[in-house]
Amino acid sequence: MKLLNYLMFFLCTVGISSAQQVKVSGIVTDNQNLPLPGVSIIIKGSSTGTSTDFDGNYAILADVGNTLIFNYVGFETQEIKVAANDTIINVNMKASTAELEEVVVTGYAPRRSRSLVRSSVSKRKTKRKSSKQKSVGRANYISGLTIKGQSSVSNTSQPLYVVDGVSIDKKDIAKVKKMNPNKISKFEVLKDKNAASIYGEQAKHGCIVITTHGGNYKITDNESYKEIEENSFERVQMSPLSTFSIDVDKASYSNIRRMINNGTKIPVDAVKIEEMINYFEYKYEQPKGDHPFAIHTEHTTTPWNPETKLVKIGLKGKEVPQNEIPPSNLVFLLDVSGSMNADNKLPLLKKAFKLLVNQLREKDKVSIIVYAGAAGVVLKPTSGAHKNEINMALQNLSAGGSTAGGEGIQLAYKIAKQNFIKNGNNRVILATDGDFNVGMSSDKDMKQLIEEKRKSGVFLTCLGFGMGNYKDSKLETLADKGNGNHAYIDTMQEAQRVLGKEFGGTLYTIAKDVKIQVEFNPGKVKAYRLIGYENRLLADEDFIDDTKDAGELGSGHTVTALYEIIPVGTKSEYLKEIADLKYTKSKVNKEFGNELLTVKFRYKKPQENKSIELTHILETNTNSVTSQDFNFAASIAWFGMKLRNSKFIKNQSLKDIVALAQANKDGDSQGYRAEFVRLVNSYQGL
């Protein structure tokens, strides 16, 4: 009885805001009155926001007097103040007549909604009390809670804690117990067996669901990234070959964009320079021969270090018209666990996949697998002609439970194999925040599972959603080992890019296991370093070994790699002297005097296992004037190195980075290069 009194006392300690709130909704259209999906709406001076759905509709809770900011690339930003009687605000966005560098895609922090639970729940909104009452109630509630049907909380019968839709690790529960009651709007105690059915085995002793006023509580930033050790300079006479796998992933750039827009610190290991560079389109010519990609090279003085040279190697994948893409057998593997219960996770996922579904053809088929505490089929293989049926299955999804990712992957590949289309496009599309916490969950276990499953001929696409517990390292591992690609979707606009505009490249592979090997001419190059691709490096002997996995190239994809080189005769602080070799004497072959380097490429056709090789030579007397693509890619690499605190930058000026990008963004029809300029300018204030 005493414990119950403590609980009731705590329930009365937490206040609610006295500010007058209104629910504002409406539709956002363009200057032709057509709905705009993916418009960012954020409350000025806060991190609370939302975005319009596929039909341009939005809804948001705001205080009277708040200012709503409506933002969309290519349109003028609008600010509207909320009045007491403003329940419907329709907005007509005007196309920007100014330079597009003044427009930026604004990210938003999640507003958590209450979990859709169907169990017996104790819940109560609370009123503010004195600080003394708050602290007493908090301590007694957290430490003395008893859940019906269970013994008192202990180390062996610990209830699951879920705060703003995210399950809390046991090691962090002590921090939750110290939470300031002023932050709590309400909490629910799940007291029956349904707690386990919703949140899985980890909730077998009950569940405490806490909702904060802000809706975005996090103990610490629980995102994870694989450690990256920046590539150093290699001496050509000691190591003349550089070998790596291509990487068409672009997740790092959209993830960094989200962090800059939200004013959060960028972890060094979240910065993958190759993914930042490859996010952007480049005007590379289409392949003209039998090979599925064309090769382009350029070089000039390095913008951040006048003592070195910068080399660009670019690939352009053949663009396959959508009507020529073979029939697709797609399995949507969707995370509906409790950690996905946030506006920029499952709700955004539903809207994003609607874009993909609307492009399906009658000859395509879709299955939908979901996983939370367990995995299951919610849509059997269905023709792309039945879009309403597919979209309805997506719309009916709700979040709750733990995250049995391994079980979901097993089931998804099973369904894909059962419906395999010979010479077709067979693919699992995984959408998650990467937070696997039931069963097989480690990167190593997942890697082994995917390596086994890719033998079936089924490819894998990984789409990351959300923030706070986004597991970039896990999704990168899955995509890399699953013959697939990886993207991070932070807004509907990014969803339109990945699943709309780049539909073919995202889902249809034209070349697999693409490897690059560069041999430098020691008569011209003293040392070199590959910028980025640290997680894609291969042993030199792996280049001709067809059993070694490498990256995939999709329809229309471009891949760009940059090398910084130290010319022969140049002294550099980045290259330390070594002792003379006694047994090995290198003699430079002077027959290739004008050649700077030779690039070799190996790839396999999607349905074959034997690689094909082609070669390209870059000479020193070419590219006296470099392209805008070269210069813009250099500005991105420069900024990425700045974010990584690279020791290889002589010029640290952000203004010079902006100037280089600004001068090389012409033909930016979608506004993405202008957005990059804006992001770098924004970063200067962080």
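Before reading on, note that the structure itself is shown above.
Keep in mind the model is a prediction, meaning the values are calculated, not measured. (Residues numbered from 1 in each chain as written. Predicted model: local features only at pLDDT ≥ 70, side-chain atom pairs only at ≥ 80, totals over all residues. Heavy atoms only, no water.)

Enquirer: Can you help me understand the sheet that holds strand β4 (residues 57–63) in this one?
Expert: Strands in a sheet are paired, the pairing made by backbone hydrogen bonds, and the direction either parallel or antiparallel. Judged by pairing direction, the sheet is mixed, and its three strands sit side by side in the order β4-β1-β7 without closing on themselves. One side of each edge strand has no neighbouring strand; the edge strands of this open sheet are β4 and β7 (91–92). Relative to β7, strand β1 (residues 21–29) runs parallel, the two sharing two bridges. Bridge pairing links V28 to V91 in β7. (Pairing = 2+ DSSP bridges. Helix = DSSP H or I, 4+ residues; strand = E, 2+ residues; numbered from the N terminus.)

Enquirer: Quick question: what am I supposed to make of helix α14 (residues 628–643) here?
Expert: Structurally, the α-helix is built with 3.6 residues per turn, so residues lying three or four positions apart point the same way. Counted at 1.5 Å a residue, the expected span for α14 with its 16 residues is 22 Å, and the 23 Å between its end C-alpha atoms agrees. Counting buried residues along α14, 14 of its 16 residues qualify, which places the element largely inside the surrounding structure. (Expected span 1.5 Å × (residues − 1). Buried < 20%, exposed > 50% of the residue type's maximum accessible area, 1.4 Å probe, protein only.)

Enquirer: Looking at this structure, I do not really get the packing of aromatic side chains. What am I missing?
Expert: Where two aromatic rings form a pair, the distance of their centres and the angle of their planes describe that pair. By the definition in use, this model includes 24 aromatic pairs. For the pair Y253 and F280, a centre-to-centre distance of 5.0 Å together with 70° between the ring planes defines the contact as edge-to-face. Placement of the pair is Y253 in helix α5 (residues 251–262) and F280 in the loop between α6 (273–278) and β15 (293–302), with a sequence separation of 27 residues. In this pair, the class of Y253 matches that of F280, namely buried. With a centroid separation of 5.2 Å and 70° between ring planes, the pair formed by Y574 and F648 is classed as edge-to-face. With Y574 in the loop between β26 (558–567) and β27 (595–604) and F648 in the loop between α14 and α15 (654–662), the pair connects residues that are 74 residues apart, well separated along the chain. The exposure class of F648 is buried, given its relative accessible area of 2%. (Phe/Tyr/Trp six-rings, centres within 6.5 Å; stacked < 30°, edge-to-face > 60°.)

Enquirer: Would you mind showing me how to read the sheet that holds β15 here?
Expert: With antiparallel pairing, the five strands of this open sheet are ordered in space as β13-β24-β26-β16-β15. Looking at strand neighbours, the two that pair on one side only are β13 (234–235) and β15, the edges of this open sheet. Note that strand β16 (residues 305–317) and β26 share eight bridges and pair antiparallel. Note that in β26 the partner of I313 across the bridge is A561. Sheet strands touched by α14: β15, β16, β24 (525–531) and β26. Its angle to β16, the strand with the most contacts, is close to 115°. (Contact = heavy atoms within 4.5 Å. Axes fitted to C-alpha atoms, helices over the stretch in contact; angles between N-to-C directions.)

Enquirer: Help me out: how do you make sense of empty space enclosed by the protein in this one?
Expert: One water molecule sets the probe size; rolling that probe over the atoms shows where empty space is left. For the coordinates displayed, the defined rule picks out eight cavities of 30 Å³ or more. Lining the largest cavity are 15 residues, and of these K250, H486, A487, V498 and T506 lie nearest its centre. Every element with two or more residues in the lining of the largest cavity is listed here: β21 (459–465), β22 (485–489) and α12 (492–501). Looking at the lining of the largest cavity, its residues break down into five nonpolar, five polar and five charged. (1 Å grid on protein atoms, 1.4 Å probe; cavity = no way out; pocket = protein on both sides within 12 Å on 5 of 7 lines; lining within 4 Å. Points joined across faces, edges and corners; volume = space filled by probe spheres on them. Nonpolar A, V, L, I, M, F, W, Y, C, P; charged D, E, K, R; others polar.)

Enquirer: What am I meant to see in the pattern of salt bridges here?
Expert: Side-chain pairs of opposite charge can arise whenever the charged atoms involved come near each other. Within the structure shown, the criterion is met by 25 salt bridges. Measuring nitrogen to oxygen at the nearest pair gives 3.9 Å for the salt bridge that ties K288 to E285. Relative accessible area serves as the criterion here: at 76%, K288 is assigned to the exposed category. Across the pair R454 and D549 runs a salt bridge, and its minimum N-O distance is 3.5 Å. Placement of the pair is R454 in the loop between α10 (443–453) and β21 and D549 in the loop between β24 and β25 (551–554), with a sequence separation of 95 residues. For D549, a relative accessible area of 15% translates into the label buried. A single salt-bridge network, built from bridges that share partners, covers R257, D490, E494 and E675. (Salt bridge = Lys/Arg side-chain N within 4 Å of Asp/Glu carboxyl O.)

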